[in-house]
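Observations on chain architecture
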Amino acid sequence: MPIIIDGKKTAQEIRARLKTRVDALKAKGITPGLSVTLVGENPASKVYVSSKDAAAREVGMNAATHVFPASVSEIELREHLLMQNSDPSVHGILLQLPLPGHLPEDHLLNLIAAEKDVDGFHPVSLGNLMLGRPGFKPCTPWGVQVLLKRYGISTRGKHVVIVGRSNIVGKPLANLFVQKGDGADATVTVCHSATPDLAEHTRSADILVAAIGRPEFIRGDMVKDGVVVADVGINRVEDSSLPKGYRLCGDVHFESVAAKASAITPVPGGVGPMTIAMLLANTLWSAESKAGISGPVDPVF
Ligand code: GUN
């Protein structure tokens, strides 16, 4: 049986540590503030946004969720984001993706002040990440890195294969793992929809990260014995036998891959909860930096 990497428990531990630091900051009269913006009715986005808001409150931060209809104009959204930029009680700004098609995601993300970019999606944050400099790290890739570290799984000298090249997960994760130092020092391969012989690559992975957005895409015959697997996918698959009418599954076919893996993250309860914990870590770091507290750049350890 592989080690089941428990992201829910790890995220809980991280949140408990963060709360201590939030309390210390509040004792100085500063409460970290997170501003979350949701546009439209995407059911998964609604769930994520309410989880982020609740998690921020649970560690003692202020959180405000701003909801706009899918028909909101670009101008209105821009004005709203600029107001968040100039609000001194807001330390972190998050614009939930995806946005409705008429809204230019890139332009709107660029508008968020780099010093409040707790999602780590701003070009400045991504530039710092690529250069190995301090800065906000995108929450899901950082969550994968922290999860492996907490389980004592070294990436040094390992072949990490990432399936998926999104700006949110695949590309930033590759940049994290190729850096020098603890939790990195890996040899990284990024595979995507134009990669021929995908299974040949995945079978050579010591550590495999699945971030494709296709339910149960990675199957047992695509991995080698002893592989460590991080499943970033959260997919809703129709299941009329369940009251909700769907079940959640990852990008990995758990049963067949777990039979060969040495360690694997489940869905749900794997990478997902880590994303939120890292968002809170970024928000705390933002508030601490603004307060002139030069603690460790990585607020988790
Ligand atoms: N949509 C899916 N994941 C994320 C995330 O981490 N942040 C935001 N803002 N939107 C997302």
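First, a word on what this report is: a plain description of the structure on this page.

Calculation criteria
- Residues numbered from 1 in each chain as written.
- Predicted model: local features only at pLDDT ≥ 70, side-chain atom pairs only at ≥ 80, totals over all residues.
- Heavy atoms only, no water.
- Salt bridge = Lys/Arg side-chain N within 4 Å of Asp/Glu carboxyl O.
- Helix = DSSP H or I, 4+ residues; strand = E, 2+ residues; numbered from the N terminus.
- Buried < 20%, exposed > 50% of the residue type's maximum accessible area, 1.4 Å probe, protein only.
- Axes fitted to C-alpha atoms, helices over the stretch in contact; angles between N-to-C directions.
- Parallel < 35°, antiparallel > 145°, perpendicular 65-115°, else oblique.
- Left-handed = near helix turned anticlockwise from the far one by under 90°.
- Contact = heavy atoms within 4.5 Å.
- Nonpolar A, V, L, I, M, F, W, Y, C, P; charged D, E, K, R; others polar.
- Expected span 1.5 Å × (residues − 1).
- Arc of directions from axis to C-beta.
- Patch = residues over 30% accessible without salt bridge, like charges linked within 9 Å, V, L, I, M, F, W, Y side chains within 5 Å.
- Areas by Shrake-Rupley, 256 points an atom, 1.4 Å probe, with all protein chains shown as cover.
- Core = buried A, V, L, I, M, F, W, Y, C linked by side-chain atoms within 4.5 Å.
- Near = heavy atom within 4 Å.
- Polar contact = N/O pair within 3.5 Å; in protein donor to acceptor, adjacent residues only side chain to side chain.

1. Some thoughts on the pattern of salt bridges
One pass over the structure, following the stated rule, counts eleven salt bridges. Between Asp23 and Lys19 there is a salt bridge, with the nearest N and O atoms lying 3.3 Å from each other. Of this pair, Asp23 and Lys19 both sit in helix α1 (residues 7-27), four residues apart, which is roughly one turn of the helix. Residue classification places Asp23 among the partly exposed positions, given a relative accessible area of 36%. When its relative accessible area of 33% is taken as the criterion, Lys19 is described as partly exposed. Glu41 is the salt-bridge partner of Lys46, the closest N and O atoms lying 2.6 Å from each other. A residue is classified by how much of its surface remains accessible, and Lys46, at 38% relative accessible area, is partly exposed. Take Glu41: its relative accessible area is 58%, and that puts it in the exposed class.

2. Details of the packing of helix α6 (residues 139-150) against helix α7 (residues 170-177)
Axis separation between α6 and α7 bottoms out at 8 Å; the angle between their running directions is 40°. The pairing of α6 with α7 is recorded here as oblique in orientation. Handedness of the α6/α7 crossing: right-handed. Facing α6, whose interface residues are Pro141, Trp142, Val144, Gln145 and Leu148, α7 presents Pro172, Leu173, Leu176 and Phe177. Among the residues making up the contact of α6 with α7, the classes are represented as eight nonpolar, one polar and no charged.

3. Some thoughts on the side chain of His91
With respect to the element layout, His91 can be found in the loop between α3 (74-86) and β4 (92-95). Other than its neighbours up to four places away in sequence, His91 contacts Ile30, Thr31, Pro32, Gly33, Glu115, Lys116, Val118, Thr283, Ser286, Ala287 and Lys290.

4. Brief notes about helix α2 (residues 43-58)
Taking 1.5 Å as the rise per residue, α2 with 16 residues should run 22 Å; its terminal C-alpha atoms sit 23 Å apart, in good agreement. Those residues of α2 not exposed but buried are Ser45, Val49, Lys52, Asp53, Ala55 and Ala56. Viewed end-on, α2 has its buried residues packed into an arc of 165°, placing them on one side of the element. If you follow the buried residues of α2, they end up packed against β2 (33-39), β3 (62-68), β4 and α10 (271-290).

5. A closer look at a nonpolar patch on the surface
Residues Val47, Tyr48, Ile234 and Leu248 make up a contiguous nonpolar surface patch of roughly 300 Å² in combined accessible area. Mapped onto the secondary structure, Ile234 falls in the loop between β8 (228-231) and β9 (235-238). Judged by its relative accessible area of 39%, Ile234 is partly exposed.

6. What to know about α7
The element α7 is extensively covered by neighbouring structure, given that six of its eight residues are classed as buried. Buried residues of α7: Gly170, Pro172, Leu173, Ala174, Leu176 and Phe177, and no others. Summarising the contacts, the buried residues of α7 are in contact with α5 (123-131), α6, β5 (159-163), β6 (187-191) and β7 (207-210).

7. A look at unusual backbone geometry
A cis amide bond links Leu97 to the next residue, Pro98, at an omega of 5°. Checked against the element boundaries, Pro98 lands in the loop between β4 and α4 (105-111). The phi angle at Glu216 is positive, at roughly 55°, despite the residue not being glycine.

8. With respect to the nonpolar core
Core analysis: the biggest nonpolar cluster contains 53 residues, and Ile14, Val144, Phe177, Val209 and Met278 have the highest contact counts within it. Of the residues forming this core, the biggest block, eleven residues, is contributed by α10. Residues contacting Val144, with those up to four places away along its chain left out, are Leu173, Phe177, Val209, Ala230, Val232 and Val271. Val163, Ala205, Ala210 and Ile218 belong to the second largest nonpolar core, which has 18 residues in total.

9. Structural notes on the site of the ligand
Close to the ligand lie Lys52, Leu94, Leu95, Gln96, Leu97, Asp119 and Phe121. Gln96 places a side-chain nitrogen or oxygen 3.3 Å from a nitrogen atom of the ligand. Leu97 places a main-chain nitrogen or oxygen 2.9 Å from a nitrogen atom of the ligand. Surface burial for the ligand is 84%, taken as the share of its 280 Å² of free accessible area covered by protein chains. Per-class residue counts for the shell around the ligand are four nonpolar, one polar and two charged.

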